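Here are the chains, one letter per residue:
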Amino acid sequence: MQASRELLKTLYTMAMLVEARDAYTGGHLWRVSRYSHLLASDLQLPQAEVERIALGGFLHDLGKVGVPDAVLNKPGKLSDEEYEVIKTHPQVGAELLKEHPLAELVIDAVLRHHETPDGNGYPDRLSGKAIPLVARIVGIADAFDAMTSTRPYRQGMPVPQALAILRDNLGRQFDAELGACFILLGEAGRLDHVLGHSEPGVPMQRCAACGPIIAVPAAAADGDELFCPACAGGYRLSRRDDALALTPTGANDPVRARRPRADSALIDRLLADSGRLRARGKPGLLDLLFG
């Protein structure tokens, strides 16, 4: 059990270190994982499969480690050449996972989350049900989070607008049946506790210059100095009961702002959630590792 837990921890850590390079997407992996979990649960899939799909959501962008910073953090429309670079990330992620003992748990999500039902996705232009279920679910969750998350150069869309875009593209960009289920979740408010958060109960914090794009690590203490990952401006964290607040310090430190680090407290919490399922006699992700 402990060996499998440590292997699983390496997957979460790898994903978080990659996300730390992207100045604009703090909390994206956690949100995509949770949206994927909510949709898979609503489909009444076996609990172990729900957990596997959630893990795939957390790992889906692993291959962005191979995308240059100038492309990954470009604040605007990509050129055709830059977009071709971005399109390499599913294959790069699959290559990174190739020798990992737990690769089979997440490989479909990593490699296939940009395939689309109409066959115009990438990397292999799969269509319809040839796209693995986990990839169809993660693709919806990924797109919804991209639309509703704020970037320094644009505001996130209101949920109704994002859901309308999903609805307009059912059967083309998004699986029609799964997308319709996800839209119902959104309309019922069942995604709201994830929206705009970087982990359970932790809303994204606002940079005065860039907007609500600062993800506060679970282990960050009252008085710690944090930095905006986009403009590198410094802030002093205030914790009062369950409330968080940031006060500008006047510092600016691009090195500390973009230093890759994994939120070990969040990883431990994700692993503990799976362990609690097992303790209650419900097969969870760790049970997949034991066969």
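Residues numbered from 1 in each chain as written. Predicted model: local features only at pLDDT ≥ 70, side-chain atom pairs only at ≥ 80, totals over all residues. Heavy atoms only, no water.

1. Digging into the pairing of strand E7 (residues 243–252)
So, point 1. In this sheet, E7 lies alongside strand E6 (residues 233–240) in antiparallel orientation, the contact comprising seven bridges. Residue Ser238 lies in a different strand from E7, and its bridge partner there is Ala245.
So, point 2. The antiparallel pairing of E6 with E7 creates a hairpin that spans two residues between the two strands, and Asp241 there sits at a positive phi of about 55°. (Pairing = 2+ DSSP bridges. Helix = DSSP H or I, 4+ residues; strand = E, 2+ residues; numbered from the N terminus.)

2. Structural notes on the pattern of salt bridges
Pairs can form between side chains of opposite charge once their charged atoms are near each other.
So, point 1. On inspection of all chains with the given rule, the structure shows 15 salt bridges.
So, point 2. Put simply, Lys64 and Asp61 hold a salt bridge, and the shortest N to O gap is 3.5 Å. By the burial criterion, Lys64 is buried, and Asp61 matches it.
So, point 3. For the salt bridge of Arg136 with Asp175, the shortest nitrogen-to-oxygen distance reads 3.0 Å. Of this pair, Arg136 sits in helix H8 (residues 133–148) while Asp175 sits in the loop between helix H9 (159–168) and helix H10 (176–187), and the two are 39 residues apart along the sequence.
So, point 4. On the basis of relative accessible area, Asp175 is assigned to the buried category, the value being 6%.
So, point 5. Connected through salt bridges with shared partners, the residues Arg112, Glu115 and Asp124 form a single ionic network. (Salt bridge = Lys/Arg side-chain N within 4 Å of Asp/Glu carboxyl O. Buried < 20%, exposed > 50% of the residue type's maximum accessible area, 1.4 Å probe, protein only.)

3. Observations regarding unusual backbone geometry
So, point 1. In this structure, the amide linkage connecting Tyr122 to the following residue, Pro123, adopts the cis form with an omega of 10°.
So, point 2. Positive phi is not limited to glycine here, since Arg125 has a value of about 55°.
So, point 3. For Arg125, the position within the fold is in the loop between helix H7 (103–112) and H8.
So, point 4. In this structure, Ala232 is a non-glycine residue whose phi angle is positive, near 70°.
So, point 5. Among the structural elements, Ala232 can be located in the loop between strand E5 (225–227) and E6.
So, point 6. The exposure class assigned to Ala232 is buried, which follows from its relative accessible area of 1%.

4. Focus on the UniProt feature "domain: HD" (unreviewed entry) in the protein
So, point 1. As annotated by UniProt and renumbered to match this structure, "domain: HD" (unreviewed entry) occupies residues 25–147.
So, point 2. What you have in residues 25–147 is 59% helix and 0% strand, and the ends, taken at the C-alpha atoms, are 12 Å apart. (UniProt positions renumbered as here; feature names shortened; annotations may be inferred.)

5. Considerations on the nonpolar core
So, point 1. Tyr12, Leu55, Phe58, Leu59, Phe144, Leu166 and Phe182 are the most contacted members of the largest nonpolar core, which has 50 residues in total.
So, point 2. Tallying contributions element by element places H8 first for this core, with eight residues.
So, point 3. Residues contacting Phe144, with those up to four places away along its chain left out, are Tyr35, Val159, Ala162, Leu163, Leu166, Phe182, Leu191 and Leu195.
So, point 4. Residues Cys210, Leu226, Leu237 and Leu246 belong to the second largest nonpolar core, which totals 15 residues. (Core = buried A, V, L, I, M, F, W, Y, C linked by side-chain atoms within 4.5 Å. Contact = heavy atoms within 4.5 Å.)

6. A closer look at the state of the cysteines
So, point 1. By the definition in use, this model includes zero disulfides.
So, point 2. The thiol of Cys228 is unpaired, and the distance to the nearest cysteine sulfur, on Cys207, comes to 3.7 Å.
So, point 3. Assessed through its relative accessible area of 0%, Cys228 is described here as buried. (Disulfide = S-S within 2.5 Å.)

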